[in-house]
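Commentary on secondary and tertiary structure
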Amino acid sequence: MNIDFSADATFSWYVVLLLLSGIVMLVIAAIGGGQSVGPRLLNAVFGVGFLGYAVYLGFIFEGGEYAMFLYAFILPVLMLFKFVGALAGRRQSA
């Protein structure tokens, strides 16, 4: 396991937050909340991608260079806002 906060806290936090972002996006895709197929599919694809990259970095990666994607933290927040907006719109129409 490559997660060691005492050796490289930045890398370790990146892997943990990437894992969390992937899980949140997969949960949003599974729940749906009144979203159409497109946003749910995007949530699922990016969720699997983030989760897969976190698992790779956390368990398979053996050192060297790695890419740190800022959108891995911005995109889940944007999709969460879209999800909450779809839920609010669904409740107002009901």
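Because the structure is predicted, anything quoted here is derived from the model rather than measured.

**Focus: the overall build of the chain**
Within the chain, the regular secondary structure consists of 3 helices and 0 strands. Listing each helix as α and each strand as β along the chain from the N terminus yields α-α-α. Its C-alpha atoms give the chain a radius of gyration of 15 Å, clearly above 12 Å, the size a compact globule of 94 residues would have. Viewed in the frame of its principal axes, the chain has a C-alpha envelope of about 50 × 20 × 15 Å. By residue count, 29% of the 94 residues in the chain fall in the buried class. The contacts of the chain with a sequence gap of at least 6 include a subset with a gap of at least 24, amounting to 68%. Carbon together with sulfur atoms contributes 70% to the accessible area of the chain, which is approximately 6,000 Å² in total. Taking the 4 positively charged and 4 negatively charged side chains of the chain as two groups, their mean positions are separated by 39 Å.

**What about helix H2 (residues 37–60)?**
At 3.6 residues per turn, the α-helix brings residues three or four places apart onto the same side. Taking 1.5 Å of rise per residue, the 24 residues of H2 would be expected to cover 34 Å, and the 33 Å separating its terminal C-alpha atoms lies within 8% of that figure. Within the span of H2, buried status applies to Pro-39, Asn-43, Gly-47, Phe-50, Tyr-53, Ala-54, Leu-57 and Gly-58.

**Examining the side chain of Ser-12**
Note on placement: Ser-12 falls in helix H1 (residues 9–31). Excluding anything up to four places from it in sequence, Ser-12 contacts Asn-2, Ile-3, Asp-4 and Phe-5.

**Quick look at the environment of Gln-35**
Relative to the helices and strands, Gln-35 is located in the loop between H1 and H2. Separated by 34 residues in sequence, Gln-35 and Phe-69 have C-alpha atoms that sit 26 Å apart. Contacts of Gln-35, omitting those with residues within four sequence positions, involve Ile-28, Arg-40, Asn-43, Met-79, Lys-82, Phe-83 and Ala-86.

**Concerning the packing of aromatic side chains**
Counted by the stated rule, this structure contains 9 aromatic pairs. Taken together, a centroid distance of 6.0 Å and an interplanar angle of 65° make the contact between Tyr-56 and Phe-61 edge-to-face. For Tyr-56, a relative accessible area of 36% puts it in the partly exposed group. In this structure Phe-61 comes out as buried when scored by relative accessible area, which is 10%. Three or more aromatic residues link up through ring pairs in this structure, and these residues are Phe-11, Tyr-14, Tyr-53, Tyr-56, Phe-61, Tyr-66, Phe-69 and Phe-73.

**Some thoughts on the confidence of the model for the chain**
Detailed reading of the predicted model is not advised wherever pLDDT is low. For the chain, per-residue confidence averages 85 on the pLDDT scale, and 98% of positions sit at 70 or higher. For the chain, the element scoring lowest by mean pLDDT is helix H3 (residues 71–93), at 80; H2 scores highest, at 91.

**Description of the nonpolar core**
Among the nonpolar cores identified, the biggest contains 13 residues, and Leu-18, Phe-50 and Leu-57 are the most heavily contacted of them. Top element by residues in this core is H1. It accounts for 5 residues. Leave out the neighbours within four places in its chain, and Leu-18 touches Phe-50, Tyr-53, Ala-54, Leu-57, Ala-72 and Phe-73.

Calculation notes
Residues numbered from 1 in each chain as written. Predicted model: local features only at pLDDT ≥ 70, side-chain atom pairs only at ≥ 80, totals over all residues. Heavy atoms only, no water. Helix = DSSP H or I, 4+ residues; strand = E, 2+ residues; numbered from the N terminus. Rg over C-alpha atoms; globule rule 2.2 N^0.38 Å. Buried < 20%, exposed > 50% of the residue type's maximum accessible area, 1.4 Å probe, protein only. Contact = heavy atoms within 4.5 Å. Areas by Shrake-Rupley, 256 points an atom, 1.4 Å probe, with all protein chains shown as cover. Lys, Arg positive; Asp, Glu negative; His and termini not counted. Charge placed at Lys NZ, Arg CZ, Asp CG, Glu CD. Expected span 1.5 Å × (residues − 1). Phe/Tyr/Trp six-rings, centres within 6.5 Å; stacked < 30°, edge-to-face > 60°. pLDDT = per-residue confidence, 0-100. Core = buried A, V, L, I, M, F, W, Y, C linked by side-chain atoms within 4.5 Å.

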